[in-house]
Amino acid sequence: MEIEKKYLIKDLPENLEQYAFHKIEQAYLNTDPVVRIRKQDDSYLLTYKGKGLMVREEYNLPLNEASYLHLKEKADGVILSKTRYLLPLDNGLTIELDVFDAPYEGLYLAEVEFPDEDSANHFLPPAWFGEDVTFSKTYHNSNLSNPDNRK
């Protein structure tokens, strides 16, 4: 089960280069239900995500590079590319700050994953976070992959 909140970010924090990061490329084989493939640095995953916004099922299966490339040819829509920075928070939480590449350059989204719904519901975001878009499908990566939804 994945429990996370998502926020728009208007201005990036300073000194992002001091934080750990991952280069991510992901593509969608299906968006209802969500079936995604992802290359993160030098690892590959196939992910199924159930319905829901803040709380939903998520299952990850490992892929090898050949399988990833084979499935990538079958993907629909925009293949998303982004850099994900990992910024530590109190209580062992981590901000996953996504800085998107074209065609979404200038889009910055922060996600925080929680151990339970109560923690998520009582979360007070840092002052530099923008609008809470947790309950908006607009900013789901699966929605961003649809070329008709490009902003």
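Residues numbered from 1 in each chain as written. Predicted model: local features only at pLDDT ≥ 70, side-chain atom pairs only at ≥ 80, totals over all residues. Heavy atoms only, no water.

Q: Explain the overall build of the protein residue by residue, including any values.
A: Check the secondary structure of the protein and you find three helices and nine strands. When the helices and strands of the protein are read in sequence order from the N terminus, they spell out β-β-β-β-β-β-α-β-β-β-α-α. Compactness check: the protein gives a C-alpha radius of gyration of 15 Å against a globular reference of 15 Å for 151 residues, within 12% of the reference. Taking the principal axes of its C-alpha atoms as reference, the protein extends roughly 40 × 30 × 30 Å. Out of the 151 residues in the protein, the part that is buried amounts to 39%. (Helix = DSSP H or I, 4+ residues; strand = E, 2+ residues; numbered from the N terminus. Rg over C-alpha atoms; globule rule 2.2 N^0.38 Å. Buried < 20%, exposed > 50% of the residue type's maximum accessible area, 1.4 Å probe, protein only.)

Q: Quick rundown of the sheet that holds strand S8 (residues 94-100)? Include the residues and the values.
A: In a beta sheet, neighbouring strands pair by backbone hydrogen bonds and run either parallel or antiparallel. Strand order in this open sheet of nine strands is S5-S1-S9-S8-S7-S2-S3-S4-S6, and the pairing throughout is antiparallel. For this open sheet the edge positions go to strand S5 (55-56) and strand S6 (58-63), each flanked by a neighbour on one side alone. Summarising the sheet, strand S1 (residues 2-8) and S5 pair through two bridges and their orientation is antiparallel. Each bridged residue has a counterpart across the sheet, and for Ile3 the counterpart in S5 is Val55. (Pairing = 2+ DSSP bridges.)

Q: Could you give an account of the environment of Tyr28, naming the residues involved and the relevant values?
A: Among the structural elements, Tyr28 can be located in strand S2 (residues 20-31). Tyr28 gets classed as buried once you look at its relative accessible area, which sits at 3%. On a C-alpha basis, the gap between Tyr28 and Leu124 in space is 32 Å, while along the polypeptide they are 96 residues apart. With residues up to four places along the chain from it excluded, the contact list for Tyr28 reads Val34, Val35, Arg36, Ala75, Asp76, Leu80, Asn141, Ser142 and Ser145. Reaching out from Tyr28, the side chain makes a polar contact with the side chain of Gln26 at a distance of 3.0 Å. (Contact = heavy atoms within 4.5 Å. Polar contact = N/O pair within 3.5 Å; in protein donor to acceptor, adjacent residues only side chain to side chain.)

Q: Report on empty space enclosed by the protein, specifying residues and quantitative values.
A: For the coordinates displayed, the defined rule picks out one cavity of 30 Å³ or more. Taken as a whole, the largest cavity spans an internal volume of roughly 70 Å³. If you go around the largest cavity, the residues you meet are Glu2, Glu4, Lys5, Lys6, Leu53, Arg56, Val133, Thr134 and His140. A per-element tally of the lining of the largest cavity places S1 first, with four residues. Looking at side-chain class alone, the lining of the largest cavity contains two nonpolar, two polar and five charged residues. (1 Å grid on protein atoms, 1.4 Å probe; cavity = no way out; pocket = protein on both sides within 12 Å on 5 of 7 lines; lining within 4 Å. Points joined across faces, edges and corners; volume = space filled by probe spheres on them. Nonpolar A, V, L, I, M, F, W, Y, C, P; charged D, E, K, R; others polar.)

Q: Talk me through the side chain of Arg38; I want residue IDs and the actual numbers.
A: Inspection of the secondary structure assignment puts Arg38 in strand S3 (residues 34-40). It is Asp98 that comes nearest to the buried, bridge-free Arg38 among opposite-charge side chains, at 6.1 Å. Within polar-contact distance, the side chain of Arg38 engages the side chain of Gln26 at 2.7 Å. In contact with Arg38, other than residues within four places in its own chain, are Ile24, Glu25, Gln26, Ser43, Tyr44, Leu45, Tyr68, Lys82 and Arg84. (Lys, Arg positive; Asp, Glu negative; His and termini not counted. Salt bridge = Lys/Arg side-chain N within 4 Å of Asp/Glu carboxyl O.)

Q: Could you give an account of the pattern of salt bridges, naming the residues involved and the relevant values?
A: By the definition in use, this model includes eleven salt bridges. With a closest N to O distance of 3.4 Å, Asp132 and Lys5 form a salt bridge. You can see Asp132 sitting in the loop between helix H2 (117-121) and helix H3 (141-144) and its partner Lys5 sitting in strand S1, a full 127 residues away along the chain. With relative accessibility at 34%, the residue Asp132 sits in the partly exposed group.

Q: Requested: an account of the packing of aromatic side chains, with residues and values cited.
A: Going through the model one piece at a time under the given rule, you end up with eight aromatic pairs. Aromatic side chains Phe21 and Tyr85 sit 5.8 Å apart centroid to centroid with 45° between the ring planes, which places their arrangement in the tilted category. Separated by 64 residues along the polypeptide, Phe21 in strand S2 and Tyr85 in strand S7 (residues 76-88) bring together distant segments of the chain. Overall, Tyr85 belongs to the buried group, its relative accessible area being 17%. Both rings, one in Phe100 and one in Tyr104, keep their centres 6.5 Å apart while their planes meet at 75°; by these two values the pair is edge-to-face. The pair Phe100 / Tyr104 is uniform in exposure class, with both members buried. Taken together, the aromatic side chains of Tyr7, Phe114, Phe123, Trp128 and Phe129 make up a single cluster linked through ring pairs. (Phe/Tyr/Trp six-rings, centres within 6.5 Å; stacked < 30°, edge-to-face > 60°.)

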